[in-house]
Amino acid sequence: MSDWVEIGRLSDIPRRGARCVDTPIGRIAVFRTAADEVYAIEDRCPHKGGPLSQGIVHGAQVTCPLHNWVFSLETGLAQGADEGAVRTFPLKRDGERILMDASAILAAASARIAAE
Amino acid sequence: MNNGLTDMTQKLVVVGAGMASGRALEHLFEAAPEAFDVTLFGAEPRGNYNRIMLSPVLAGEKTYGDIVTHDAAWYAANGVTCRFGETVTKIDRKRKVVVSKGGETPYDKLLIATGSAPFIIPVAGKDLPGVMAFRDLDDVNAMVEAARKPGARAVVIGGGLLGLEAAAALRLRGMEVTVLHLMGHLMERQLDPAAGYLLKKELEGRGIKVHVKAQTKAILGEEKVEAVLLEDGTVYPADIVVMAVGIRPETRIAVDAGLHVERGIVVSDQMVTSDPDILAVGECVEHEGVCYGLVAPLYDMARVVAKTLVKEDAAFRPVETATQLKVTGINLYSAGDFADGDDREEIVLRDASAGVYKRLVLKQNRIIGAVMYGETSDGAWFFDMLRKGTDIAEMRETLIFGQAYQGGSPLDPTAAVAALPDDAEICGCNGVCKGKIVSAITSKGLTSLDDVRAHTKASASCGSCTGLVEQVMKLTLGDSYNPAAVQPMCTCTDLGHDDVRRLIKAKALKTIPAVMQELEWKTSCGCAKCRPALNYYLVCDWPDEYADDYQSRFINERVHANIQKDGTYSVVPRMWGGVTNAAELRAIADVVEKFNIPAVKVTGGQRIDMLGVRKEDLPAVWAELGKAGFVSGHAYAKGLRTVKTCVGSDWCRFGTQDSTGLGIRIEKFMWGSWTPAKVKMAVSGCPRNCAEATCKDVGVICVDSGFEIHFAGAAGLDIKGTEKLGLVATEDEALEVIVALTQMYREQARYLERIYKWAKRVGYDEVRRQILDDKDRRKAYFDRFVFSQKFAQVDPWSERVSGKDKHEFKPMASVGFAEAAE
Ligand SMILES: Cc1cc2nc3c(=O)[nH]c(=O)nc-3n(C[C@H](O)[C@H](O)[C@H](O)COP(=O)(O)OP(=O)(O)OC[C@H]3O[C@@H](n4cnc5c(N)ncnc54)[C@H](O)[C@@H]3O)c2cc1C
Ligand code: SF4
Ligand code: SF4
Ligand code: FES
């Protein structure tokens, strides 16, 4: 069951930029591309934990600010020679509004508890 | 009843005589001419006409008569009772009548086709006479009337399709036209930034002023419109203001009647509303969550609604739409989805000399989006493949060249240079233009780079234009000349850093999209390698004109602090020349305690670093530091970092000069400037060199006879003592030399290239020649630095304390389990 919560408006995020959303499982980075697509991924680089929300956005990719790994915003997979992935979260657009699926966060949280 | 129809004939009432209802009635009469007795209401005092052709009417290229789609004879022949100039104000669903000023009209079936209403932004002054929309013939007539006055001025708010068609047309009618657009580039919903750039350039060429990122604050005027005021304080005088910011479905009577309305009137695939006897068609409807604003899908709807009325099966399916701008002389085409995505690939073709930009977005070997500017003849072909989902794997390599492509030649890497005019400067050091090089080659029969250097001086000094000179040679000499390979900036281009820098100057390119278009970038939006470099080059070359693109800066420069491995930041305030006092130290101590800053460290550059500050706290930390007089130390910047000093003649028994004072003077003069890579300096009061000046980017060793200037040292990954630039007698002269040297480096180096690498490449003697020997050139460098400091010396911390870039420091939202559990 999806449970869509409004997290903000498109204009809250600069083009080719990102904003963060605080959640019980940590920060989620919400990106806006040059073409106004929005994507949400975990704000934590699998390499050494860099905050991906702070990276440079190009196309539908972001370059980590710490050591320049590049991730796909769509799949969360590291690009090029690097191996790794970040969790992605579904988003929905309703006109200007951006919605996040709170149940996906709950699911991620339960998965984490189960793993621990 | 008219036309002798029987009482058995059903009564169909149509509300709205627009494009959709006109087409629907045509289909209806074709399928069943006798089935309905039709009454057609229209709020406008005229019948159906081709609304999209209002643009050519406004431009004076067509008349109203040319665009009428249904005339009195047609209505009569089909027995339509026309009620034009009569707005339907109410639908009484229980009694099945509509209400208008002429009374009640009964219906068996009702078709709502009310279109959209222009959106008027709710600013002060919006109701002043002279503020108009661009929706119907009355609007057009009002604009034409206003344009009669000689020298009349129009401000068009909205740089979308509609706004630009209005702007171009009003310009043709001789008005002075300004377009205000909220977003960063024109027609952002249909075009990417590259095509938006070309469009802006074209419109500006026609004398239309385009102001992007324009936030309208108010429309000013007493009795009528006089001007438009923007949030940034700009005022544009105006005789008329045309609002073209968007439309919203006209749903008022449907809402009042209690029909299901979201953004538009919700309809089924059969175009039936929540009331089975009421149908709707056109821009006023919403189908599967989508409202349409172009005629192609509305025509599909019209076909379906006619079938539904005569009880035939039909279903409306969402369609892809393509957009073209109807401005004579501008070719622009956009279709489908051209967002980036990594299951997507793009093919980009740019031809700078012809002003052509084409971009196809592919997904699994199928075209899903197309943007074209300048040359759009293949638009329909691409759109056709897009709709059909044609597999293009076979023609991938040549696809972008279009349908008529017959194995033509591959792209020419010298195109950007070929497009340069003869008077474009190729060699900046010696002021040699393209024409001079070409004529020297042809008249003197030159064949090698050394010949060209000897005869023209081009590329004979710093050498950063070598790549371009070689391309000019290749252009002139043809394939017999083989230029040395240059290392491209990144995979987005074949050009090297030096070529790009020279071309930015030679072609006066002043925005990132302009560079990417004119230098034929192979990607639409660049990458994390080229964007920060381009941003720096533009900041350096056009300090007064270029609008810094923060999204093309690395995070440290974007938030003016240094990111640490755990994602927190470090904060280093400036401590001029490494000198501090009790009040400053106390302020730092207070900030550390107040914000629980976990670590405080003295840096190698003689100042204090507070480590582990949370990003959200940065503005508050800066505010506190600012109260004590601190400004940013730029410890995060590719820019001037520190000027280390020793205590010099003030305190030290060996001191020869006031090294502390000179260091502070240099730092106060140069702080805030952006440079290709970080710049660290030092001033020592005597050759004992306690400030370690001889391993810095620029260092000064004071001696009895004056100041020895050193440069190009390194103490990082590489270790290298400085080179001696020369000795100068006075502090003033020392400052001028250091500033000029820095400016030369700013203008010539490649992004991220430290001074020692740049100087080695250019040659130490060349630097000495330009900075020490050639006094005029030194002065010119100095002056350019001083000019750029006017725009650079703004404390970024206090700017952000005052609210700039607020979004950087606050999370957008927080989502908790409360929401998640709901
Ligand atoms: C200047 C301009 C240029 C355009 N260019 C293009 C283009 O190049 N390509 C493209 O695809 N589209 C273009 N469009 C959009 C296109 O014109 C519309 O999509 C189309 O006209 C919508 O048709 P419609 O029948 O839904 O609404 P309309 O054509 O707007 O017709 C609705 C009619 O209903 C009337 N009405 C509203 N409420 C009531 C009421 N209560 N009682 C009686 N009457 C009422 C209105 O006055 C209006 O006359 C352009 C639009 C404009 C204004
Ligand atoms: S460099 Fe010379 S003047 Fe400066 S502190 Fe050292 S000894 Fe004194
Ligand atoms: S020397 Fe290395 S570890 Fe130390 S601060 Fe510099 S980059 Fe970081
Ligand atoms: S932490 Fe992201 S690349 Fe190292």
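Just so it is clear, the model here is predicted, and its values are computed rather than measured.

> Account for the overall build of chain B, with residues named and values stated.
Counting secondary structure elements, chain B contains 28 helices and 39 strands. Surface summary for chain B: the accessible area is close to 34,500 Å², and the carbon and sulfur share equals 51%.

> Describe the interface of chain A and chain B, naming the residues involved and giving the relevant values.
In this complex, chain A contributes 46 residues to the contact, which on the side of chain B involves 42 residues. Roughly 3,500 Å² is buried in total at the junction of chain A and chain B, and carbon and sulfur atoms are behind 59% of that figure. A per-residue breakdown of the area chain A buries against chain B is headed by R16(A), Q54(A) and I56(A), which together make up 19% of the total. Summed over the shared surface of chain A and chain B, the result is two salt bridges. Between R27(A) and E616(B) there is a salt bridge, with the nearest N and O atoms lying 3.0 Å from each other. Remark: the boundary between chain A and chain B carries eleven residue pairs in polar contact (both at pLDDT 80 or more). Where the side of chain A that touches chain B is concerned, the elements lending two or more residues are β1 (4–9), β2 (17–23), β3 (26–32), β5 (56–58), β6 (61–63) and α1 (102–115) of chain A. Element by element, the count of residues in the side of chain A that touches chain B is highest for β2(A), at six residues. A class-by-class count of the residues in the side of chain A that touches chain B yields 22 nonpolar, 13 polar and eleven charged. Sheet topology note: the β2(A)/strand β39 (residues 813–814) of chain B ladder contains two bridges and is parallel. Across the sheet, the residue bridging to V21(A) is A813(B), located in β39(B).

> Explain the site of ligand 1 residue by residue, including any values.
Residue and element names in this part refer to chain B. What surrounds ligand 1 is a group of 30 residues, the closest being E44, R135, E283, V295 and K326. A distance of 2.8 Å separates an oxygen atom of ligand 1 from a polar atom in the backbone of A20. At 2.8 Å from an oxygen atom of ligand 1 is found a side-chain nitrogen or oxygen belonging to R51. With the chains in place, 91% of the 1,000 Å² that ligand 1 exposes on its own is no longer accessible. Counting residues per element, the ones that place at least two in the shell around ligand 1 are α1 (19–31), α6 (161–172) and α9 (295–309). A domain-level breakdown of the shell around ligand 1 finds at least three residues from each of domain 1 (10–116 + 249–309) and domain 2 (131–245).

> Any chance you could break down the pattern of salt bridges for me, citing the residues and the numbers?
Within this structure, the stated rule accounts for 63 salt bridges over all chains. In this structure, the salt-bridge partner of R97(A) is E6(A), at a minimum N-O distance of 2.8 Å. Residue R97(A) is found in strand β10 (residues 97–101), and its partner E6(A) is found in strand β1; the two are separated by 91 residues along the sequence. R83(B) serves as the salt-bridge partner of E86(B), at 3.0 Å between the closest nitrogen and oxygen. Neither E86(B) nor R83(B) differs from the other in exposure class; each is buried. Among the charged side chains, a network of salt bridges with common partners joins D22(A), R27(A), R614(B), E616(B) and D617(B).

> Provide a residue-level description of the sheet that holds strand β7 (residues 70–72) of chain A, including the pertinent values.
Residue and element names in this part refer to chain A. One open sheet accounts for three strands, arranged β5-β6-β7; its pairing is antiparallel. Unpaired on one side and paired on the other, β5 and β7 mark the two borders of the sheet. Looking at each pair of strands side by side, their axes are set apart by 25° on average, direction ignored. Here three bridges tie β6 to β7, and the two strands are oriented antiparallel to one another. Counted as the bridge partner of Q61 is S72 from β7.

What counts, and where the lines are drawn
- All residue numbers here refer to positions counted from 1 along the written sequence of the relevant chain.
- The order in which chains are written sets their letters, starting at A; the order in which ligands are written sets their numbers, starting at 1.
- Whole-chain, interface and lining totals are the exception, using all residues; otherwise, since this is a predicted model, local features are given only for residues with pLDDT of at least 70 and side-chain atom pairs are given and counted only at 80 or more.
- As a rule here, side-chain values come from all non-hydrogen atoms in the structure, and water together with hydrogens is ignored.
- Secondary structure elements are defined from DSSP: runs of H or I of at least 4 residues count as helices, runs of E of at least 2 residues count as strands, and each element is numbered from the N terminus.
- Exposure was quantified through the Shrake-Rupley algorithm and a 1.4 Å probe, taking into account, for residues, occlusion by the shown protein chains and nothing else.
- Contacts were defined at the residue level, with two residues in contact if any of their heavy atoms lie within 4.5 Å.
- Accessible area that two parts lose when put together, evaluated with a 1.4 Å probe and summed over both, is termed the buried area.
- Note on definitions: salt bridges are taken to be side-chain nitrogens of Lys or Arg within 4 Å of carboxyl oxygens of Asp or Glu.
- Each polar contact in these results corresponds to two N or O atoms within 3.5 Å; when the atoms are within protein, one needs to be able to donate a hydrogen and the other to accept it, and residues that are neighboring in sequence are counted only if both atoms are side-chain atoms.
- For this scheme, ten residues count as nonpolar: Ala, Val, Leu, Ile, Met, Phe, Trp, Tyr, Cys and Pro. Four count as charged, namely Asp, Glu, Lys and Arg, and the remainder, Gly too, count as polar.
- For two strands to pair, DSSP has to find at least two bridges joining them.
- For this description, a residue counts as near a given molecule or strand if any of its non-hydrogen atoms is within 4 Å of it.
- In this entry, domain limits derive from an automatic or database-based domain assignment.
- For each residue, the accessible area found with a 1.4 Å probe, counting protein chains only, is set against the maximum for its type, and the residue is called buried under 20%, exposed over 50%, and partly exposed in between.
- As a rule, the C-alpha atoms of each element are fitted with a line to give its axis, helices using only the stretch in contact, and angles between N-to-C directions run from 0 to 180 degrees.

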